[in-house]
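In case you want the letters, here they are:
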Amino acid sequence: MFALIDCNNFYASCERVFNPSLNCKPVVVLSNNDGCVIARSNEAKEVGIPMGAPAFEYQYVFERKNVAVFSANFELYGDMSRRVMTMLSDYSPHQEIYSIDECFLDLSNLLVDLQAYGLNMRKQVFKGTGIPVSVGIAPTKSLAKVASLIAKKFPARTGGSYVIDTDEKRIKALKWLPVDDVWGIGRRNAKKLNAIGVKTAYDFCQLNKTWILNHMTIVGARLQDDLNGIPTLEMEPVELKKSIATTRTFERDYATYQEVEERVSTFAVSCAEKLRTQHSLCNKIEVFIQSNRFKENEEQYSNSVVVKLPFPTSSSIEIVEFALEGLQTIYKKGIGYKRAGVVLMDFDKDTEYQQSLFFNSHPKHARLMEAIDFINNKTGAKVRLAIQDKRTHKMRQEKLSPCYTTKMKDIITVHLK
DNA sequence: TCTGGGGTCCTAGGACCC
DNA sequence: TCTGGGGTCCTAGGACCC
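Fair warning: this is a prediction, and the values are worked out from it, not measured in the lab.

Peer 1: Explain the packing of aromatic side chains to me, please; I cannot follow it from the model alone.
Peer 2: The geometry of an aromatic ring pair comes down to the distance between the two centres and the angle between the two planes. Across all of its chains, the model carries 16 aromatic pairs by this definition. With 5.9 Å between their ring centres and 55° between their planes, F10 and Y11 make a pair best called tilted. By the burial criterion, F10 is buried, and Y11 matches it. The interplanar angle of 85° and the centroid separation of 4.9 Å between the aromatic rings of Y257 and Y331 together place this pair among those described as edge-to-face. Here Y257 is found in helix α12 (residues 257–277), whereas its partner Y331 is found in the loop between α13 (316–330) and β12 (337–349), with 74 residues between them in sequence. With relative accessibility at 16%, the residue Y331 sits in the buried group. Positioned over the ring face of F154 is R157, at 4.6 Å from the centre of the ring. Lying over the aromatic face of Y162, K169 brings its terminal NZ or CZ to 5.4 Å of the ring centre.

Peer 1: Looking at this structure, how should I read the packing of helix α9 (residues 187–195) against helix α11 (residues 209–227)?
Peer 2: Between two packed helices, the angle of one axis relative to the other and the distance separating the axes together describe the packing. Across the interface, α9 lies against α11 with an axial gap of 11 Å and an inter-helix angle of 145°. You can see that α9 and α11 cross each other, and the crossing is right-handed. Counting all contacts with α9, which are made through N189, K192 and L193, the residues of α11 involved are W211, H215 and M216. The residue makeup of the contact of α9 with α11, split by class, is three nonpolar, two polar and one charged.

Peer 1: Any chance you could explain the protein's contact with DNA strand B here in plain terms?
Peer 2: Around DNA strand B, the surrounding shell holds 24 residues, and the nearest of these are S31, R222, A245, T247 and T249. Within 4 Å of the protein, atoms of DNA strand B come from sugar and phosphate in 76% of cases. Contacts to DNA strand B include A245, whose backbone N or O atom sits 2.6 Å from a phosphate oxygen. In the model, a phosphate oxygen of DNA strand B is placed 2.4 Å from a nitrogen or oxygen of the T247 main chain. Residue assignment for the surface near DNA strand B shows that the elements contributing at least two residues are α11, β9 (243–254) and β12. For the surface near DNA strand B, the element with the highest residue contribution is β9, accounting for seven residues. In terms of residue class, the surface near DNA strand B is built from eight nonpolar, eight polar and eight charged.

Peer 1: Is there a simple way to think about the side chain of S315 in this case?
Peer 2: Its location among the elements puts S315 in the loop between β11 (302–313) and α13. Judged by relative accessible area, which is 3%, S315 ranks as buried. A polar contact of 3.2 Å, which involves the side chain of S315, links it to the backbone nitrogen of E318. With residues near it in sequence (within four places) discarded, S315 still touches R276, H365 and M369.

Peer 1: Please explain α13 as it appears in this structure.
Peer 2: Think of an α-helix as 3.6 residues a turn; residues three or four steps apart then line up on the same face. Look at α13: 21 Å from first C-alpha to last across 15 residues, which is about the 21 Å you get at 1.5 Å a residue. Buried within α13 are the following residues: S316, E318, I319, V320, F322, A323, L324, G326, L327 and I330. Along its buried surface, α13 packs onto α12, β10 (280–291), β11, β12, α14 (365–379) and β13 (382–385). The distance from a side-chain oxygen at the start of α13 to the backbone nitrogen of I317 is 3.2 Å, and the residue carrying that oxygen is S315.

Peer 1: How should I be thinking about the sheet that holds strand β4 (residues 68–71) in this particular structure?
Peer 2: Where strands meet in a sheet, backbone hydrogen bonds hold them as pairs that are either parallel or antiparallel. Reading across from one edge, β3-β2-β4 is the order of the three strands in this open sheet, with mixed pairing throughout. In this open sheet, the two strands that pair with only one neighbour each are β3 (37–40) and β4. Neighbour-to-neighbour, the strand axes of the sheet open up by a mean angle of 25°, direction not taken into account. Pairing of strand β2 (residues 27–30) with β4 involves four bridges; the strand directions are parallel. Across the sheet, residue V29 finds its bridge partner in β4, namely F70. The sheet contacts of helix α1 (residues 10–17) involve β2, β3 and β4, and relative to β2 the element is tilted by about 115°.

Parameters at a glance
Residues numbered from 1 in each chain as written. Chains lettered and ligands numbered in written order. Predicted model: local features only at pLDDT ≥ 70, side-chain atom pairs only at ≥ 80, totals over all residues. Heavy atoms only, no water. Phe/Tyr/Trp six-rings, centres within 6.5 Å; stacked < 30°, edge-to-face > 60°. Buried < 20%, exposed > 50% of the residue type's maximum accessible area, 1.4 Å probe, protein only. Helix = DSSP H or I, 4+ residues; strand = E, 2+ residues; numbered from the N terminus. Lys NZ or Arg CZ within 6 Å of the ring centre and 35° of its normal. Axes fitted to C-alpha atoms, helices over the stretch in contact; angles between N-to-C directions. Left-handed = near helix turned anticlockwise from the far one by under 90°. Contact = heavy atoms within 4.5 Å. Nonpolar A, V, L, I, M, F, W, Y, C, P; charged D, E, K, R; others polar. Near = heavy atom within 4 Å. Polar contact = N/O pair within 3.5 Å; in protein donor to acceptor, adjacent residues only side chain to side chain. Expected span 1.5 Å × (residues − 1). Pairing = 2+ DSSP bridges.

Quick look at the structure:
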């Protein structure tokens, strides 16, 4: 048996933990630059605010319905997530953290009343962190997902935990669930399925395997088996990341190369820092830039390039150099740029990698980066490259809550030649 | 005026090998 | 007239997730 534990309205719930007066009131959390709604309390859903709603279009709803609006505080949410996950890890020797607000637990060979076990998890997590969760328990991962949706949808009847442990319950659940809401069936496949009359998860489970293979590849076929109770999706150990990205929409359009260059440099450094925390080196760097797609009367341009490195590295200095090399090949003058990003790919371990015969990462950089990371993480000071943007405040975050559980760091700039 | 960010996996087709 | 067969590896793009 698998359990899937999903935090309810996670970001909104995090804000509520430290501000209980928001209980029973509509709460929304906005994306970077206070752009879109990315989390909603149940009350906010009820007043008709959709996921992804642009904040400026819904300003009047926020005011009229007295909605509490927050800028995204990812430092707070990340810390709360760690606390929830740590508590849940006590309930199984095997945990897969699937996202910031969800995890699977392997409950095989557990001789307990599973319904009571789920209810206890829920109770303890709420007591320890203040975060409400829904628990779904079933013989496969995708069915555990279905069970968690039932737990979330019917809190009064289920107590927030639901177990699918008989074929009757499985079929009843699948007949209840619209196929569009099945984990692994996205918009494209839902459209195809609706077109041939498949409405529910149950209908999907009855489909001919050949049709599924032809239209949804092996991914769809595995999902069908899993929903039919044949465990096909396994627990996956969360290992090292296979790609690391830092991408941002800018608070306005950038007209000069220098502005874009500063941001791309900062993104590259941010990626390099994340890369070093998992002790990897990268072999490829993708850089992309995009114009403002909402300004339909202006020239549109978007492009990307993958730079193959002559040697694997995690040096911020080298990664910035190669990223800017890439940027120069795709930058086009006369465009107002609204978004850019850097993605690192193709990793090696920093202890085992292929050296180049002719070029290698600067031998002193590894120690330099170690020193910089130490200063930045442990001392409260901030060392950065001179080419990075100098601002300490680069996003619009007008409604940011305090980092209640983590310290705010002083920022001191040391320019590095 | 204003519209998010960060991941994973699979596949088709091209380049290459003998 | 007539032009093989069987592989591997890589990559860009698409689908999905939260």
